[in-house]
Amino acid sequence: MEGNADGSKDDQGDRPLPNSMSATFRLDHVGEVVVTIDSDALSWKTVRAEENKRDCLCFGSNVETEIRFSDIYAADFIKWGPIHEPIIPKSGAHFLSRVSMMYRFAVHAFQKSQTQNSPWVPVMYIFGYNDTQTCLMWTKRINASLSLQAGRPKNLLVFVHPLSGKGKGPRTWESVAPIFNRAKVKTKVVVTERAGHAFDMMTSFTDSDLNSYDGVIAVGGDGFFNEILNGFLLSRHNAPYPPAPAEFMNSVSNNKNHSGQGVSNSSSSSVGPTLDQGEDQEPLLRSPEAIASVHKNFRVKDGSHNLDREPVLSLPHEWFRFGIIPAGSTDAIVICTTGTRDAATSALQIVLGKKRHLDIAQVVRWKTSPSSIDAPSVRYAASFVGYGFYGDVIKESERYRWMGPKRYDYAGTKVFLKHKSYEADVAYVDVKTVNPPAGKTSTASGTRQWWRLPKTHDKVTCSVNCPVCDAETKSGCDSEDLKWLQCKGRFLSVGAAVISCRNERAPDGLVADAHLADGFMHLILVKDCPHPLFLWHLTQLARKGGRPLDLDFVEHHKTTAFTFTTSNDESTWNLDGELFPACQLSAQVFRGLISMFASGPDV
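Residues numbered from 1 in each chain as written. Predicted model: local features only at pLDDT ≥ 70, side-chain atom pairs only at ≥ 80, totals over all residues. Heavy atoms only, no water.

## Quick word on the overall build of the protein
A count of helices and strands for the protein gives 14 helices and 26 strands. In the protein, which comprises 603 residues, the proportion classed as buried is 54%. Contacts spanning at least 24 positions in sequence make up 74% of the contacts within the protein whose residues lie at least 6 apart. (Helix = DSSP H or I, 4+ residues; strand = E, 2+ residues; numbered from the N terminus. Buried < 20%, exposed > 50% of the residue type's maximum accessible area, 1.4 Å probe, protein only. Contact = heavy atoms within 4.5 Å.)

## What to know about a nonpolar patch on the surface
On the surface, Trp80, Val99 and Met101 cluster together into a nonpolar patch covering about 310 Å² of accessible area. By the element assignment, Met101 lies in strand β8 (residues 96-112). (Patch = residues over 30% accessible without salt bridge, like charges linked within 9 Å, V, L, I, M, F, W, Y side chains within 5 Å. Areas by Shrake-Rupley, 256 points an atom, 1.4 Å probe, with all protein chains shown as cover. Salt bridge = Lys/Arg side-chain N within 4 Å of Asp/Glu carboxyl O.)

## Some points on the pairing of strand β25 (residues 578-581)
Sheet topology places strand β24 (residues 572-575) next to β25; four bridges connect them, and they run antiparallel. Bridging from a neighbouring strand, Leu575 pairs with Glu578 of β25. Here β24 folds back onto β25 in antiparallel fashion, the turn holding two residues, of which Asp576 has a positive phi close to 50°. (Pairing = 2+ DSSP bridges.)

## Some thoughts on the nonpolar core
Within the largest apolar cluster, 75 residues are counted, with the highest numbers of intra-cluster contacts made by Phe159, Phe225, Ile228, Phe322, Ile360 and Ile594. When residues of this core are assigned to their parent elements, the largest contribution, six residues, is made by helix α7 (residues 222-233). Ignoring anything within four residues of it in the chain, the contact list for Phe322 reads Val216, Phe225, Ile228, Phe232, Ile594, Ser595, Met596 and Phe597. With 26 residues, the next largest nonpolar core counts Tyr387, Leu523, Phe562 and Trp573 among its residues. (Core = buried A, V, L, I, M, F, W, Y, C linked by side-chain atoms within 4.5 Å.)

## With respect to empty space enclosed by the protein
Enumeration over the complete set of coordinates arrives at five cavities of 30 Å³ or more. Approximately 50 Å³ is the volume attributed to the largest cavity. Around the largest cavity, the lining residues are Phe384, Tyr390, Ser493, Gly495, Leu510, Ile524, Val526, His537, Leu541 and Leu549. Broken down by secondary-structure element, the contributors of at least two residues to the lining of the largest cavity are β20 (484-497), β21 (521-527) and α14 (531-541). Of the residues assigned to the lining of the largest cavity, the class counts are seven nonpolar, three polar and no charged. (1 Å grid on protein atoms, 1.4 Å probe; cavity = no way out; pocket = protein on both sides within 12 Å on 5 of 7 lines; lining within 4 Å. Points joined across faces, edges and corners; volume = space filled by probe spheres on them. Nonpolar A, V, L, I, M, F, W, Y, C, P; charged D, E, K, R; others polar.)

## Looking at the side chain of Ser599
Residue placement: Ser599 occurs in the segment after β26 (584-596). According to the relative accessible area criterion, Ser599 is buried, its value standing at 13%. Those residues within four positions of Ser599 in sequence are excluded, and the remaining contacts are Trp120, Thr337, Gln349, Lys354, Arg356 and Val464.

## What about the state of the cysteines?
Summed over the entire model, instances satisfying the criterion amount to zero disulfides. Sulfur of Cys469: no disulfide; nearest cysteine sulfur belongs to Cys462 and is 3.7 Å away. Judged by relative accessible area, which is 10%, Cys469 ranks as buried. (Disulfide = S-S within 2.5 Å.)

## A few points about α14
Among the residues of α14, those classed as buried are Leu533, Phe534, His537, Leu538, Gln540 and Leu541. For α14, the buried positions fall inside an angular range of 160° around the axis, keeping them on one side. Lining the buried residues of α14 we find α11 (389-397), α12 (406-418), β20, β21 and β22 (554-559). (Arc of directions from axis to C-beta.)

Shown next, in the form of structure tokens:
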């Protein structure tokens, strides 16, 4: 064994740990290997590389392998035990092995599956040696390198939804808990007992309380994450209401004047959100008195260091992150942020401290019904805000919760057969883009038929290290000189996608080239049309490589804010899979408002 000392000590405190080390070990199921540690990676090579090329059976069995410390989440000493070494006879006809008893240590990392969705698979490499102190020293050295990896969590608050995905929430957490234990990440696990339980806890936490955690994990679906997100933001995000055109604001002002309440123009007001106080309110809507005040003196952790920051928790926050371990019916948010709907992948990205910013939409309900007089009610959404078909499906599905995830297919079929459209007035901020939107080409006759789709335009799909999300550009609703465009008519659906909303029913999502943190929403207006045309739109959504937005009766607008008004008495919206009654609302998007434990989709 050889190397250069860096001054760190081993378990006995009497020997420095080298900055680089090299030694010969027995790798389980591979054989004799030379293992080397340097500043950022662990690597090994078989001693008789040419002879052992055929000796490989399992993970880590390449003739030469390198694993960066950024991809290793744990190393531990596992004491005396068997090491299996392959032996291939000269004939090569049969595979044999011998077992040696040795002291051992294990290195826990991951490798990407070869399947299309690329889940991360936990892998374990077991090294054997005849001396226990050598194994202990190498374990110590690897863990010392892991402790230098910035951004890895040490303490997490975990909410588990016991009924998500037809009751698979607790089982899902039990399946990934060993990953957190091996990575030495402390977890406080709360299994929710009622609707709104996680919301109430998040609103009751002070910043000092949250200082003891590196983030919050939701084990459940999109709706459960929405509950936790709203509990966090409603008590902390002090932002003006969304901007709106003058006509819309006059309508809002008239409504408030009738109730004896005033409302400032949202484009310049600094008034924070207020919440409904009704007996039939949703679990996430609470009175202002129920939301705890934000405490000061917030200290945060950055890697292995404690740093003094602003006394009040500011957003977006670089350190405090959210994570999702999928256990829901759709799990669109986790698919878009991690690339796959896989609990182990999410757990690995959490313990490795991966980080991606995520846009968040602020939605303000001004009226529940045309005749009601309401106080403005604020909600937040991370993936999708939908009305018409999407709102009706989520409302209908609530009647069939006993069916589990299949209730969405059943409810969707019922709502589709009804083919109900709604009169509405939609206004949105005009955003000038460099490239024209796809689907706005014409046929030779001047009119594009619905069955003749245009050629695909070049699109930048959101992925790991996305240049669009990482660009140092500013977007949002800060400008006082906004240009508003208006669209009136009958619509089968009105939706705003904050992210692509990929899921198993829509492999490319609602908007294939939507990004996680570019500061824009994608407003999708599906006008009233015959049944076969709407079916074609839905069929395109369900296809990989489909073109659901390239149809004459579908409008697609990239925007930063929009307003919606309808005279329909029963108006239901879908906010991340949760019901939200509203006949008049406004919405805006905040770029990268929160940080996620995620690497982004690997496409």
